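Spelled out from the first residue to the last, the chains are:
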Protein chains: 2
Amino acid sequence: MSSSQRPAAARAGRKRESSRTRLISAAAQLFQEQGFAATGLSEILDRAQTPKGSLYHHFPGGKAELGVAAMEAAGQVLQHTLTSRLESQGSAAGAIAAFADDLAGWLEGSDFSRGCPVATVALEQANGAPDLVAAIRGAFEGVIDALARQLVAEGTPAERARRLATLCLSTLEGALILARTQRSGAPVRMAGEELVNLLSA
Amino acid sequence: MSSSQRPAAARAGRKRESSRTRLISAAAQLFQEQGFAATGLSEILDRAQTPKGSLYHHFPGGKAELGVAAMEAAGQVLQHTLTSRLESQGSAAGAIAAFADDLAGWLEGSDFSRGCPVATVALEQANGAPDLVAAIRGAFEGVIDALARQLVAEGTPAERARRLATLCLSTLEGALILARTQRSGAPVRMAGEELVNLLSA
DNA sequence: CCAAAAATAGACCGACCGGTCTATATAGAC
DNA sequence: GTCTATATAGACCGGTCGGTCTATTTTTGG
């Protein structure tokens, strides 16, 4: 997969941020803001300050392969953010509250350009390339798993934990849609509060 | 806006379905499935069985104007579906249960191609043309209003009713994202069940 | 230091994009 | 029937799309 493409410099673990990394984060940002189809290669290349040759060197599969890498990276950001909140807060309810605040903050700090880094592509490419869909599914799955694991640790039965975790992610994702169209963080913060009530009960 | 474009035949209220109507519903379907940017005019024209000249006759503003009309139409479908469920069920909780089943049914019946008719465009065009965003915001607002009104009628304080209605829509929208990527109606049905619990409490 | 590999650089390509324009057909008013 | 909207029809346009290809520069292992 994409990991087999990683160049020697990255494997060695030092040197400055490679053009490969810049491409992934530029693509991830643009896909998050406006989706996969609406983002042209030239736009990605401009933002990453990279010529076309480098893109096709690192990603022979072109835009499709870059899309997969971007969704994997976005999923890891999401999962890492939630995991660190779980650790710092110690409870699922607390982590959800903090996570919702994180999301609302990202949104407001980007002038409502950046909601979920995965959701836009998830919807428009739901019938698209299977490996892209798989990367997106994996991103969501990682978040659900992390949250469900904490719930189980708090004594919730496994099946109920998965249901609750899925519900939490659903609610936050949907709130992010409304928040972007309303240009207000309120739906996300409110969703966080209601989920805390639910998890505390 | 778009209503000023309506041709004489439609105003008179008879004759068969006009090409204008076919264009709107073809566009709405395609935008729902794959988004605005990913859908070419040629695709819309093919599905509507209409030549390009007709499109630019009915929608001088081109794809952008058609997009607004499609989102308005999609919003009305959504609002009408919920309203009729509110009437038939008599309670907000019952209507949400039925509405969630409707959404899950649409999804499964279309091989997971059709989730929310508005959400895909909402995300990818959140920073796009203001009138398109306004149409989308109006669509969501109509759903929230209808649900909140019922909650108020059941005795919920107005402010709390809006919060709950927004939460319901958020949860269902998010569940539709997960459902499409997982190719399963389960997240939507589960979200409906949990929302019923919440509203009944 | 040098050969080989990796990465950068961008000109170039055919396909398709949304949009314009002119010509023709169809319908309603009188 | 004729005149005039209205609507249909599609050839055509410049621009941009994703992708390929060759040449050059940079890095690296010996």
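Above this text is the structure in question.
Below or above, wherever it landed, is the structure these notes cover.

Definitions and cut-offs
Residues numbered from 1 in each chain as written. Chains lettered and ligands numbered in written order. Predicted model: local features only at pLDDT ≥ 70, side-chain atom pairs only at ≥ 80, totals over all residues. Heavy atoms only, no water. Helix = DSSP H or I, 4+ residues; strand = E, 2+ residues; numbered from the N terminus. Rg over C-alpha atoms; globule rule 2.2 N^0.38 Å. Buried < 20%, exposed > 50% of the residue type's maximum accessible area, 1.4 Å probe, protein only. Areas by Shrake-Rupley, 256 points an atom, 1.4 Å probe, with all protein chains shown as cover. Axes fitted to C-alpha atoms, helices over the stretch in contact; angles between N-to-C directions. Parallel < 35°, antiparallel > 145°, perpendicular 65-115°, else oblique. Contact = heavy atoms within 4.5 Å. Nonpolar A, V, L, I, M, F, W, Y, C, P; charged D, E, K, R; others polar. Least-squares fit on C-alpha atoms with pLDDT ≥ 70 in both. Phe/Tyr/Trp six-rings, centres within 6.5 Å; stacked < 30°, edge-to-face > 60°. Lys NZ or Arg CZ within 6 Å of the ring centre and 35° of its normal. Salt bridge = Lys/Arg side-chain N within 4 Å of Asp/Glu carboxyl O. Polar contact = N/O pair within 3.5 Å; in protein donor to acceptor, adjacent residues only side chain to side chain.

Summing up its helical and strand segments, chain A has 10 helices and 0 strands in all. Each helix and strand of chain A, ordered N terminal to C terminal, gives the series α-α-α-α-α-α-α-α-α-α. Over its C-alpha trace chain A gives a radius of gyration of 18 Å, about what one expects of a compact globule, namely 17 Å for 201 residues. Principal-axis analysis of the C-alpha atoms gives chain A an extent of 55 × 35 × 35 Å. Taking all 201 residues of chain A together, the buried fraction comes to 54%. Within the structure as shown, chain A displays about 8500 Å² of accessible surface, and the carbon and sulfur contribution to it stands at 51%.

Right, let's talk about the packing of helix α10 (residues 186-200) of chain A against helix α9 (residues 158-182) of chain B for a bit. Look at α10(A) against α9(B): their axes get within 10 Å of each other, and the N-to-C directions meet at 90°. As summarised for this structure, α10(A) and α9(B) are arranged roughly perpendicular, according to the angle between their axes. Facing A:P187, A:M190, A:A191, A:E193 and A:E194 of α10(A), the residues of α9(B) in contact are B:R160, B:R163, B:T166 and B:L167. Taken together, the residues of the contact of α10(A) with α9(B) break down into 4 nonpolar, 1 polar and 4 charged.

As a further point, take the relation of the copies chain B and chain A. Rotating chain B by 180° about the axis while translating it 0.0 Å along that axis superimposes it on chain A, leaving an RMSD of 0.0 Å. Between the two chains, the operation in question is that of a two-fold axis. Looking at the interface residues of chain B, 100% of them are also at the interface in chain A, so both copies use one shared face.

Quick look at the packing of aromatic side chains now. Residues and elements named next belong to chain A. Counted according to the given criterion, the structure contains 2 aromatic pairs over all chains. Geometrically, the ring pair formed by F31 and F36 is tilted, given 5.1 Å between the ring centres and 55° between the ring planes. Like F31, the residue F36 is buried in the burial classification. The positively charged end of K63 is found above the aromatic ring belonging to F36, 4.5 Å away from the centroid.

A separate point is the interface of chain B and chain A. On the chain A side, the residues contacting the 40 residues of chain B number 40 residues. Between the two partners, chain B and chain A, sit 6 salt bridges. The shortest N-O distance in the salt bridge between B:E194 and A:R163 comes to 3.1 Å. Our enumeration of links across chain B and chain A arrives at 13 residue pairs in polar contact (both at pLDDT 80 or more). Sorting the residues of the side of chain B that touches chain A by element identifies α2 (19-34), α7 (119-124), α8 (130-153), α9 and α10 (186-200) of chain B as the ones contributing at least two each. For the side of chain B that touches chain A, the element with the highest residue contribution is α9(B), accounting for 15 residues. For the side of chain B that touches chain A, the class distribution of residues is 19 nonpolar, 10 polar and 11 charged.

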